[in-house]
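Each chain, written out:
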Amino acid sequence: MKSKSILFVGCGDIGVRLGGRLHASGWSVTGLRRDVSRLPTSFKAIAADYSRAGELKSIAPPAPDYLVATCNPTERSVAGYEQGFTEGARNILEALGSHRPKALFWVSSTRVYAERDGGWVNEDSPLSKDDPRADAMIRAEQLMLNSSHNVSVIRFAGIYGGVGGRLLDRIRRGELNPELPVRYSNRIHREDCAGFLLHLIERVESGQSIAPIYNGVDAEPSPQGEVDRWLAAQIGLPAEAANVNADSGQRTGAGAPVGHKRCSNRLLTESGYELTYPDYRVGYAAALAAKAPE
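The structure contained in this document is the topic of the report that follows. (Residues numbered from 1 in each chain as written. Predicted model: local features only at pLDDT ≥ 70, side-chain atom pairs only at ≥ 80, totals over all residues. Heavy atoms only, no water.)

The next thing to look at is the environment of Ala 194. You can see Ala 194 is positioned in helix α5 (residues 190–205). Owing to a relative accessible area of 0%, Ala 194 belongs among the buried residues under this scheme. Counting along the chain gives 181 residues from Ala 194 to Asp 13, while the straight-line C-alpha distance between them is 9.0 Å. Apart from the residues within four sequence positions on either side, Ala 194 is in contact with Arg 17, Leu 18 and Arg 21. (Helix = DSSP H or I, 4+ residues; strand = E, 2+ residues; numbered from the N terminus. Buried < 20%, exposed > 50% of the residue type's maximum accessible area, 1.4 Å probe, protein only. Contact = heavy atoms within 4.5 Å.)

Written as structure tokens, this is what we have:
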């Protein structure tokens, strides 16, 4: 019997993590990225650049049952976001041609929301109109959602859980956000990124429906100042060593001030998925334990 197959376009940490689980279950897993030397040897490899038109001719011949696209900006400029996301989406759809996977998952970001004042957002909340980088991501989402494919857009926020990470590095330097004014942050552990995508694939495989958009976030949006102080206590940072920095983590790559929001994961929960790491305390405790005795 032919094994089930999945193609990861832009196969990074999420693709390797989810692909490893599927391969262990007998799936045929293919990873597409520019540098395929970093892919597991159990993966089939396609060396290509999804941001460049014409380089994805090899997508359609494998005819994957599922496709997961985890695209990134080619550089931090607006043009880099347009090339990585908008053009990436367009190139993927063109390369698929007449092939229709059972489901196509497009990984996006909660950055696309317009909310800037700490209010709650769900999948139907207004989208940004004043962030050109977010606009590139929104146009990519729309290309996918307006296609004839069975598409689900997953808007992840603050993926963490690796051996490194800018947040933990910042805390170790003693750079903490102030407690006031309150600025909410949203996040999800990388294991739950892979776990939720696997859950959605299993829903499709069992004949169940999936929503067109999900917020991929944990169950507890939290003030960033609170998160910083909790982490500082966990790593034993003396209070006198902390250097409160009002700009810590509060600016975009372009240097413009950013707002904050609280992202609801109601649809994720209603889909039947149970978070392995439902809040930052559980998730970061596991990450810190994995790093000990560093």
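What follows continues from the structure just given.
This part covers the side chain of Ser 28. Mapped onto the secondary structure, Ser 28 falls in strand β2 (residues 28–33). The exposure class of Ser 28 is buried, given its relative accessible area of 15%. A polar contact of 3.3 Å, which involves the side chain of Ser 28, links it to the side chain of Lys 44. In contact with Ser 28, other than residues within four places in its own chain, are Ser 3, Lys 4, Ser 5, Ile 6 and Lys 44. (Polar contact = N/O pair within 3.5 Å; in protein donor to acceptor, adjacent residues only side chain to side chain.)

Judged by pairing direction, the sheet is parallel, and its 7 strands sit side by side in the order β3-β2-β1-β4-β5-β7-β12 without closing on themselves. The outermost strands of the open sheet, each flanked by one partner alone, are β3 (44–47) and β12 (213–216). Averaged over all pairs of adjacent strands, the angle between strand axes in this sheet comes to 20°, irrespective of strand direction. Sheet topology places β2 next to β3; 4 bridges connect them, and they run parallel. Residue pairing across strands places Arg 33 opposite Ala 47, the latter belonging to β3. Sheet strands touched by helix α2 (residues 78–96): β1 (5–9), β4 (66–69) and β5 (103–109). Its angle to β5, the strand with the most contacts, is close to 175°. Docked against the sheet, helix α3 (residues 132–145) engages β5, β7 (151–156) and β12, running at close to 165° with respect to β5. (Pairing = 2+ DSSP bridges. Axes fitted to C-alpha atoms, helices over the stretch in contact; angles between N-to-C directions.)

We now examine the packing of aromatic side chains. Centre-to-centre distance and the angle between the planes together describe a pair of aromatic rings. In the structure shown here, the tally under the stated rule is 6 aromatic pairs. Judged by centre distance (4.3 Å) and plane angle (25°), the ring pair of Tyr 160 and Tyr 284 falls under stacked. In this pair, Tyr 160 sits in strand β8 (residues 159–160) while Tyr 284 sits in helix α8 (residues 280–291), placing the two residues 124 residues apart along the sequence. Where Phe 196 meets Tyr 214, the ring centres are 5.1 Å apart and the plane angle is 85°; that geometry is what we call edge-to-face. Here Tyr 214 lies in strand β12 and Phe 196 lies in helix α5, a separation of 18 residues in the sequence. The residues Phe 196 and Tyr 214 share a single accessibility class, namely buried. (Phe/Tyr/Trp six-rings, centres within 6.5 Å; stacked < 30°, edge-to-face > 60°.)

Next up on the list: the environment of Leu 268. Tracing the chain through its elements places Leu 268 in helix α7 (residues 266–270). What makes Leu 268 buried here is its relative accessible area of 0%. Through-space distance from the C-alpha of Leu 268 to that of Ala 211 is 9.3 Å; in sequence the pair is 57 residues apart.

What follows concerns the pairing of β7. Here β7 lies mainly inside the structure; 6 of its 6 residues are buried. Because side chains alternate across β7, one face comprises the buried residues Val 151, Val 153 and Arg 155, and the other comprises Ser 152, Ile 154 and Phe 156, equally buried. One ladder, built from 6 bridges, connects β5 with β7; its direction is parallel. When the bridges of β7 are listed, Ser 109 appears paired with Phe 156. Both β7 and β12 contribute to a ladder of 4 bridges, which runs parallel.

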